[in-house]
Amino acid sequence: MCAVFGIIGEYEENLAKKALSTLTHRGPDFCGVEQRKNIFFAHQRLSIMDTSSASNQPIKHEKILLSFNGEIYNFKELKQKLSSEFTFKTQSDSEVIIAAYLRWGVEFVNHLRGMFAIALLDDETLYLFRDRLGKKPLFYLHEKAFIFASEIKALVPFLHKTEMDEDALLGYLSFLAPTPPFTFFKNIKKLSGGEYLSFKNGQIEIKRYFDLLDVTPNLITDRDEAVFLVQKMLQESINIRLNSDVPMASLLSGGIDSAAINAYAIKNGVNLQTYTLGYKNFTKYDERQNARESAELLGVKNKEIEISQSDYLDALDKTLDTLDEPLNDPAAVPLYLLFEAIKKDGYKVVLSGEGSDELFLGYRQYFEFLDIESLSKLKNKNWLSGYFHSNFSMNREWERYKRVFDNTLLFRTTGENFTDLQKNVSMRRNVRDNESLKYLKSYRDRFENSAHTDESIWYSYIDLHLFQAEHFLTKLDRVSMAHSIESRTPFLDHKLASLVFSIDPKLRYEDGVTKSLLKSALKPLVDEKILLRRKKGFSNPFMEYLIESKKIALIKEVNDKTGIFKKDVLDEHIQKAASGGFKQHVWGLYVLSVWLKKYLL
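Each chain has its residues counted from 1, following the order in which its sequence is written. Side-chain atom pairs in this predicted model are given and counted only at pLDDT of 80 or more, local residue features only at pLDDT of at least 70, and totals for whole chains, interfaces and linings cover all residues. The side-chain values count all of the structure's non-hydrogen atoms but skip hydrogen atoms and water molecules.

Asks: Quick question: what am I supposed to make of the overall build of the protein here?
Replies: Only DSSP runs of H or I with at least four residues qualify as helices, and only runs of E with at least two residues qualify as strands; both kinds are numbered from the N terminus onward. What the protein contains, in helices and strands, is 24 helices and 17 strands. Its C-alpha radius of gyration of 24 Å places the protein within 12% of the 25 Å reference for a compact globule of 601 residues. Here the C-alpha coordinates of the protein stretch approximately 70 × 60 × 50 Å along the principal axes. Note on exposure labels: buried denotes an accessible area under 20% of the residue type's maximum, exposed denotes more than 50%, and partly exposed covers the range between, all computed with a 1.4 Å probe on protein chains only. For the protein, the proportion of its 601 residues judged to be buried stands at 63%. Throughout, a contact is declared for two residues whenever any of their heavy atoms are within 4.5 Å. Taking as baseline every contact in the protein between residues at least 6 positions apart, the subset at least 24 positions apart corresponds to 72%. The accessible surface values rely on the Shrake-Rupley method and a 1.4 Å probe; as for residues, cover is taken only from the protein chains in view. Of the roughly 23700 Å² of accessible surface on the protein, a fraction of 47% belongs to carbon and sulfur atoms. Charge separation in the protein, taken as the distance between the mean sites of 82 positive and 82 negative side-chain charges, equals 1 Å. The atom set for the radius of gyration is the C-alpha atoms, and the globule formula is 2.2 Å times the number of residues raised to the power 0.38. A positive count includes Lys and Arg, and a negative count includes Asp and Glu. His and the chain ends are not counted in either. Throughout, a charge is located at the NZ atom of Lys, the CZ atom of Arg, the CG atom of Asp or the CD atom of Glu.

Put into structure tokens, the structure is as follows:
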């Protein structure tokens, strides 16, 4: 993995180099810079494939400059196809991008299979590409000059003034992370997965080059065929991600996703070292017992990492600094500590199971929403609509029924946190009901204009774009790269995702079993004890730690200065969090408070 960074326009050399140095953790093996008048084009390298110096970046070819973060898993096939017209000098995947661009122009991106953030300068035109499902980040700022980077921290020094973006705040409160193109820093933007940007003559143009909804629906209606194709594609997706010139490990929980990755790896002759996280004195959050059983059944060597309250609290500020902006995921801290331990053992690549739940309907609430969705067919809903409007509740179930009786969009990501009415009650500003739909509009418009009609496809589509790409993958990228580790996610292979979107959606949910298709596909490889085990999730005692350490007081301290939230409602949220309610809300408020104090107070 690596970092891309560059400036098109006037710049101060010392400031540019200082900003670049903030990305060293993403690529400590080499720093390359190409400087010209009005061009600063740079790269921080983490050597994974072809670790020789010949593969250092930026790569120059005639009028082209390339800085690339990621892995192209089909680069050998592309190299063979392009070798007659391009002279390759290295064994890396980076050169293939230039050769593919020379052959196909910007359409080259459609030939890549992998994860990537690509900066390609062709004479006076700059292109930025973010991979299809948003695994790798790409941010940009256009004030006096145009500046791009793999992380926000490298762009902050160039801001004329640090201000909070209101859309980022409202999107964050609703969906756990700011929605593209917004970040918490006003004027710093991010590309969405499947988008590319061109910059020429001071003008920015953004286009979408990939959309999962372009897949023809219901191509596969036979369950046996669907299971066979999922088996085949999942095996292929995992196998191509086992290619590395440096040591590789894997995460292991008690669930089926990590078990699947390790089972297919073993089938391919690769027995990965696995890692599991546990919590001292908090067995109810602990997956170590299940992971031990999984490790024994799979035949892998598993290492357990135990963290205490002091470990968590010591890593808290470092983790939040790593994230650059508020991200409402308390699992970021233990994951940071887990990658820290993996780094100490000398591993540079880790396989992880993100994306499986969204593709194969692994969350029980998907089925609950499908059930509630059926109420939209009631002919006489007016009385029910009026009743719910007259009897407001902060309860999540109340909100769901109100929406379905109002004929408004029911499902708004698995990660929906504050509803609009909850924000209106909590904030010292007027927030209209359904105001947050504007952050989902472009996605919903694409869904409604597609050939897909089953709402479960919408659930997967919006969750892959927001709950996964902007929330889970943001966390995974930042905390792994903080320790110079590349994370690979086989379930988020675009060919596997496209396959799932082409299967009759009912095959995913008609039997009422979470991950039914995936479980059927894994039966030949994964023991039934693992397949039938109840899902636990990556939970942790974050609220207990926050309350006992008294760090939770920061929320009120910051709000006294900013006045964003109503004091009495804030007190009520914090009180409920102590007894198990509104925990995600309050954690999000704490993370927001840390950012506000650091950058605006």
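Asks: Looking at this structure, I do not really get the packing of helix 5 (residues 223-240) against helix 6 (residues 256-267). What am I missing?
Replies: Here an axis means a line fitted to C-alpha atoms, over the contact stretch when the element is a helix, while the angle between two N-to-C directions is reported on a 0 to 180 degree scale. At a minimum axis separation of 9 Å, helix 5 and helix 6 run at an interaxial angle of 80°. Viewed along their axes, helix 5 and helix 6 adopt a mutual orientation that is roughly perpendicular. Between helix 5 and helix 6, the contacting residues are Gln231, Leu234, Gln235, Ile238 and Asn239 on the first element and Ala260, Ile261, Tyr264, Ala265 and Lys267 on the second. Looking at side-chain class alone, the contact of helix 5 with helix 6 contains six nonpolar, three polar and one charged residues. Roughly parallel here means an angle under 35 degrees, roughly antiparallel means over 145, roughly perpendicular means 65 to 115, and every remaining angle is called oblique. Residue classes follow a fixed rule: Ala, Val, Leu, Ile, Met, Phe, Trp, Tyr, Cys and Pro count as nonpolar, while Asp, Glu, Lys and Arg count as charged, and any other residue, Gly among them, counts as polar.

Asks: Just checking my understanding: could you explain the pattern of salt bridges for this structure?
Replies: When the charged atoms of two side chains lie near each other, side chains of opposite charge can form a pair. In what follows, salt bridge is the name for a side-chain nitrogen of Lys or Arg lying within 4 Å of a carboxyl oxygen of Asp or Glu. Summed over all chains, the structure comprises 50 salt bridges. We note a salt bridge from Asp477 to Arg26, for which the minimum N-O separation is 2.8 Å. One end of the pair, Asp477, is in helix 16 (residues 455-481); the other, Arg26, is in the loop between helix 1 (13-21) and strand 2 (30-36), and 451 residues separate them in sequence. Using a relative accessible area of 1% as the deciding quantity, one classes Asp477 as buried. Accessibility expressed as a relative area gives 0% for Arg26, which makes it buried. Across the pair Lys153 and Glu151 runs a salt bridge whose closest N-O atoms are separated by 2.6 Å. Overall, the relative accessible area of 1% leaves Glu151 in the buried class. One salt-bridge network, in which partners are shared between bridges, spans Arg26, Lys136, Glu151, Lys153, Asp324, Asp477 and Arg478.

Asks: Which parts of the structure should I look at to understand the side chain of Ser150?
Replies: Note on placement: Ser150 falls in the loop between strand 9 (146-149) and helix 4 (166-175). Judged by relative accessible area, which is 0%, Ser150 ranks as buried. From its side chain, Ser150 meets the backbone nitrogen of Val4 in a polar contact 2.9 Å long. If we skip the residues at most four places from it in the chain, Ser150 touches Cys2, Ala3, Val4, Arg26, Asn69, Pro137 and Phe139. By the criterion applied in these results, polar contacts are pairs of N or O atoms within 3.5 Å in which, for protein atoms, one can donate a hydrogen and the other can accept it, and in which residues neighboring in sequence qualify only through two side-chain atoms.

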